[in-house]
Structures are given as structure tokens and as C-alpha cells.
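# Survey of secondary and tertiary structure
Single-letter residue listing:
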Amino acid sequence: MIGAAKRLALPAAIVLCHVYNFPYLPDVMANEKARAYATMALVDRGTLDIREEILRHGYTPDVSHVGDRRYSNKAPGASLLGVPVYGVLRLFGEPTLRATIWALRVFAVTLPCLLLLLPFARLLARVAPEPGPFRAALVGYALGSLALPYSILFMGHQLAAALVGAAFAWLADARPRRALWAGLACGAAILVEYQAALAASVLAVYALRVVGVRRTLTSFAVGALPGIAALALYHTIAFGAPWRTGTWLVGPELQPMLADVSPWPQRAKLWHALVSPRHGLLAFSPWLALALPGVVVLFCYRQESSHDASIVGLRASPALSCDWQESSRRASVVGLRASHALWRQRRAQALACAAVVAAFIWFGGSLAPWQASWDVGPRYLACLGPFAAVAAAAALSAGWPTRWRGAALGLVVASVVIHTLVVTVLPYYPPSYTNPFVDVTLAYLRAGRVTYNAGMLLGLRGVASVAPYLAVVAALIGWMLAPRPRRFTLVALVVAALHLGGLALVERHGSASTRANLELNWEP
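Residues numbered from 1 in each chain as written. Predicted model: local features only at pLDDT ≥ 70, side-chain atom pairs only at ≥ 80, totals over all residues. Heavy atoms only, no water.

Moving on to the overall build of the protein chain. Per the secondary structure count, the protein chain includes 25 helices and four strands. For the protein chain, the residues scored as buried account for 53% of the 524 residues in total. The long-range share in the protein chain, meaning contacts at least 24 apart out of those at least 6 apart in sequence, stands at 75%. Summed over all atoms, the accessible surface of the protein chain reaches about 22300 Å², with 66% contributed by carbon and sulfur. (Helix = DSSP H or I, 4+ residues; strand = E, 2+ residues; numbered from the N terminus. Buried < 20%, exposed > 50% of the residue type's maximum accessible area, 1.4 Å probe, protein only. Contact = heavy atoms within 4.5 Å. Areas by Shrake-Rupley, 256 points an atom, 1.4 Å probe, with all protein chains shown as cover.)

Written out as C-alpha cells, the structure is:
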């Protein structure tokens, strides 16, 4: 009984952290409202035109203009997934926008992302088989990356990332049926977010390597067709052609962003995407920097010694282990073959991780309008998260000296602290702030302002309402640090403190009018 409770403690804590908070500020939820309006229009009126929803629930600039009609300018996957959720809500009358957003977030994004975390966790366990590195990698990805804020919002970024992450895990199993599931996941990811096609393309090449050409064509490619066909049909109905998206049909508010598009990465955009305290990936998730050495660790995976190969061989072939007359030479042969196959698989994983991370960094530095909207971190880079996490998990499990392993875990701790605090206040950072973690998250926490959360259902208010949530986060961090030597723990805490302190010392600028607008429209 106690063993079962220990096994369930980590997944239960991750689930709690994803469902505890409900940030709601309608004036800055343009992305979510566009997707929700598309869902509501499909259920209520059987159309994709969202003009009536805009009139009824409020304006959003994230629309495409086709004559006098208005469509969501997002990929339709999340909106389509929300159709049955909103359909059930309508059975009980006409819900408010708040109730609709909550249901769509939880049942169309949060729960699917948590379910898709299961196969991905198995992949992390294979890359980092020891309990300590595995826990650190899983907690780092689930709570210390873009996965947390975008799993609790009705957006497609993390849903697409969860789909490609699960596809990566299923392909790593090298089974024909899993290849079909991986294809379905990749097709669905493209239906949810256009940029997921970058990761899906790399996974298609990876599938050729791990499951072969025939299985890739008959399983992976066939599985991807439904999602791609659904996307082509949506484009045809809304925009007149399968290849025409709504991105280039936006209104005048968003046109200046499109003028900033470039096929080549630009230094300023790379800075904002990767290291800027405004929303740089490594500023908010410093542990993902471990992906660079992690790719090397994966690629340079060493084969077993002849003695260890015998053990691997006995494990790989139970028949040999039962036949005590069989020579150890045959066991060594079986073991070396299994070890060589694992070595080739690790190299393929390293190349896939490196390719996806590089593709999204290029994309982020050339196409993404980084200062365009209210958001947390470079959300267009969310799909690189699973691949960077796999490589970082390999780095965490490497046999480095104690101080280096402690420093790596400290980066995980800093990432978890940042993201878990962000969602207690507002996972929508104003574009005018240069250091929003300090000027929004920490400043509002000091003032006792937090978002809607489960603690309020118990009558708690202010910071006291998030105390149970913060206690769970602290317990998770303590669990990661507890079994370690004292020197290891000290190094980890020092590195985490240095990163968080560095963020606090960065020069800050913010708009007084934006702060006044936040104060005026703050809920609760």
C-alpha cells in the first residue's frame, strides 16, 4: 500500500499543479477567445464564421478577414477538440464565457496533455533509467518548461508539443502499431499548430531510421493523413484553397507583425527568443540548456563491455538464462547485438533532438513576432520542449562529478520555481514589460494578488489560497534533492538562487498605462 502511494505521489502532484489555478483576464485572452469562438460557432450555428460570437462575448484581434466574414486565424485542431466539450455544456443551457473557457482548457487541453505525458515519461525513463535523473527530467519538463503555462490555457502550443512528444516516444518503441499511433499524433499536431510540421517532418525521417521504409509508408504516413486531410478541408471551407491559411488574412492590428517576417534568423529575435528576460526560453527554463551536452551524451553512447554484454544477452533472451549449459559466448553475442541496437537507437534519438531544436531556433529567430502579444516565454517554440527534455535527461543521467550534477539539478529547480509561480498570478505577460517575472509575478505575489484557484473554493484568499499548491511544489523540489549528498544539494540550491537572483537584478522597464489597465481589469 505504501509502495503504491509512493508511485502515485509524483503523477498526482503533477496533475494537481496543472488543475489548481484558473487564470482569467478576458481583455488579454485574444488567442484563447479566437479558438473558443470557433468552437462555439460550430456547435451553436454549424459554421466557422465567428462574427456573432465576437458581438456577443467581446472583440478579439486574432481573426482572419474573408470579405465580411470572420474566422479564427489559428489552426483549427484545438477548436475541433473542444466541440464535444462545449456540446456537453450546452445540454445544461447557455454557459458563460468564463465557464466555457474553463471547460475547454481542462478537457480539451490540460487532460489530453497529461495523458500524452505518460508515453513521453516512459521515453524519459529509458533515457534516464536511474530514479533521481528521471524524476528531475520529468518534473523539469512538466513543471519547469512551457508545458505548464500552456497546458492550462486554451491554446494549441503545448497540445501540439505533447502530441509530437508522444509520437517520439512511440517511434522509439520501433513497433508497427506504435508507428501508426505516432503518425496519427503527428497529423493531429499539425492540425493543432502549423509549426508542429517542423517536428513532424523530423519524426518522419526518424521513422525511416527506426521502423524502416515499408512500415513508415504503411503505418506512420497513413496515420498522419487524417489530420492533414482535416486541415486541408478546413482551409478550403474557410479560405478557399487547401494550402491557404488565415495567417495572412489578419486585420490591420496584426499586419505590422507580418511585415517583420524574414526567412533568415535575426540577432535581435534570437536574443528575445532564447535569453531575454522578457520571454527568453533559457531565462525561464534554464535547465533546457542541458540539451546541448545531452545530445553529445546520447550520440556518444558507449557499448557495453563483454561482461556486461553477457548480462544484457541473458536479459534479452530468457531461453538462454534458463539453459545453464549454454556457453557465455552465445550470451555475449546476443548481448552485443542488443547493445549495438541500443547504441544505434540512441544516436538516432540524438540526431532527431538536435534537428528539432535547431529547426525551432531558426524558426523563432526568423518568423515569430516575439513582442506581439501577451504571453509567457516563446510559445512558438513549445514543440521543441519534448526533444530538448529528452536530451537534457541524458545529460542529467551522465556520470559527471558531483558539483556538475548538482549544478544541473539547480537549473531544474530554478525552472520549476519560475513556472509554478507564473501560473499562480498571470500567464499573460504584457508586451511592454522587459522583466515581467519580477514586475508582474513577484510584484503581484507581494501585493497578495493571485489568480482564481482551488484554494478559493475552501474560503482562502490572497497568497494563502495558493499555499497548498506551493507546498506541493516545495515537496517536489525537496524530493528531488533529499536523497542527494549534502554537497550536491548545496550546489543545486546555490545555482538555483543565482539564476533567480540574476533575473531579479536585470534592468526593468514597464508601461504605467499597462499596469493601470491590469489593475482595472484584474480578476478576482
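This part covers the packing of aromatic side chains. The tally for this structure, following the rule as stated, stands at 13 aromatic pairs. Ring pairs connect the aromatic residues Phe 22, Tyr 24 and Tyr 452, which therefore count as one cluster. Above the ring of Trp 479, the side-chain terminus of Arg 135 is found at 4.7 Å from the ring centroid. (Phe/Tyr/Trp six-rings, centres within 6.5 Å; stacked < 30°, edge-to-face > 60°. Lys NZ or Arg CZ within 6 Å of the ring centre and 35° of its normal.)

Counting 158 residues, the largest nonpolar core has Phe 168, Leu 171, Leu 203, Tyr 206, Trp 287 and Val 390 as the members making the most contacts within it. Tallying contributions element by element places helix H6 (residues 97-127) first for this core, with 15 residues. For Trp 287, the contacting residues outside a window of four places in its chain are Ala 137, Gly 140, Tyr 141, Gly 144, Ser 145, Ala 389, Ala 392, Leu 396, Leu 411, Val 412 and Ser 415. Counting six residues, the second largest nonpolar core, distinct from the first, contains Leu 48, Val 66, Tyr 71 and Phe 239. (Core = buried A, V, L, I, M, F, W, Y, C linked by side-chain atoms within 4.5 Å.)

Below, the discussion takes up empty space enclosed by the protein. All chains considered together, the criterion is met by three cavities of 30 Å³ or more. One number sums up the size of the largest cavity: a volume of about 110 Å³. As for the largest cavity, its lining consists of 15 residues, and the residues nearest its centre are Cys 113, Leu 117, Tyr 141, Gln 158 and Ala 162. Elements that contribute at least two residues to the lining of the largest cavity include exactly H6, helix H7 (131-143), helix H8 (147-151) and helix H9 (157-172). Contributing to the lining of the second largest cavity are Tyr 141, Ser 145, Leu 146, Ala 147, Gln 158, Leu 281, Leu 288, Leu 381, Ala 382, Leu 384 and Gly 385. Taken together, the residues that form the lining of the second largest cavity break down as eight nonpolar, three polar and no charged. (1 Å grid on protein atoms, 1.4 Å probe; cavity = no way out; pocket = protein on both sides within 12 Å on 5 of 7 lines; lining within 4 Å. Points joined across faces, edges and corners; volume = space filled by probe spheres on them. Nonpolar A, V, L, I, M, F, W, Y, C, P; charged D, E, K, R; others polar.)

Moving on, we get to the confidence of the model for the protein chain. Within the protein chain, residue pLDDT values average 86, and 88% of them lie at 70 or more. With pLDDT under 50 throughout, residues 304-322 is counted as low confidence; its partners more than four residues away or in other chains account for 28 contacts. Of the regions scoring below 50 in pLDDT, residues 330-336 engages in 18 contacts with residues more than four places distant in sequence or in other chains. (pLDDT = per-residue confidence, 0-100.)

Our next topic: helix H16 (residues 291-299). Taken as a whole, H16 has its buried residues at Ala 291, Gly 294, Val 295 and Leu 298. Down the axis of H16, the buried set is contained in an arc of 105°. They therefore lie on one face. (Arc of directions from axis to C-beta.)

One can find Ser 79 in helix H4 (residues 77-81). Overall, Ser 79 belongs to the buried group, its relative accessible area being 3%.

This part takes up the packing of helix H21 (residues 402-425) against helix H22 (residues 436-446). Across the interface, H21 lies against H22 with an axial gap of 9 Å and an inter-helix angle of 65°. As the angle between them shows, H21 and H22 are arranged roughly perpendicular. Taken as a pair, H21 and H22 cross one another with a handedness that is left-handed. Note on element contacts: H22 touches H21 through Phe 437, Val 440, Thr 441, Leu 442, Tyr 444 and Leu 445, opposite Ile 418, Leu 421, Val 422, Thr 424 and Val 425. Considered class by class, the residues forming the contact of H21 with H22 number nine nonpolar, two polar and no charged. (Axes fitted to C-alpha atoms, helices over the stretch in contact; angles between N-to-C directions. Parallel < 35°, antiparallel > 145°, perpendicular 65-115°, else oblique. Left-handed = near helix turned anticlockwise from the far one by under 90°.)

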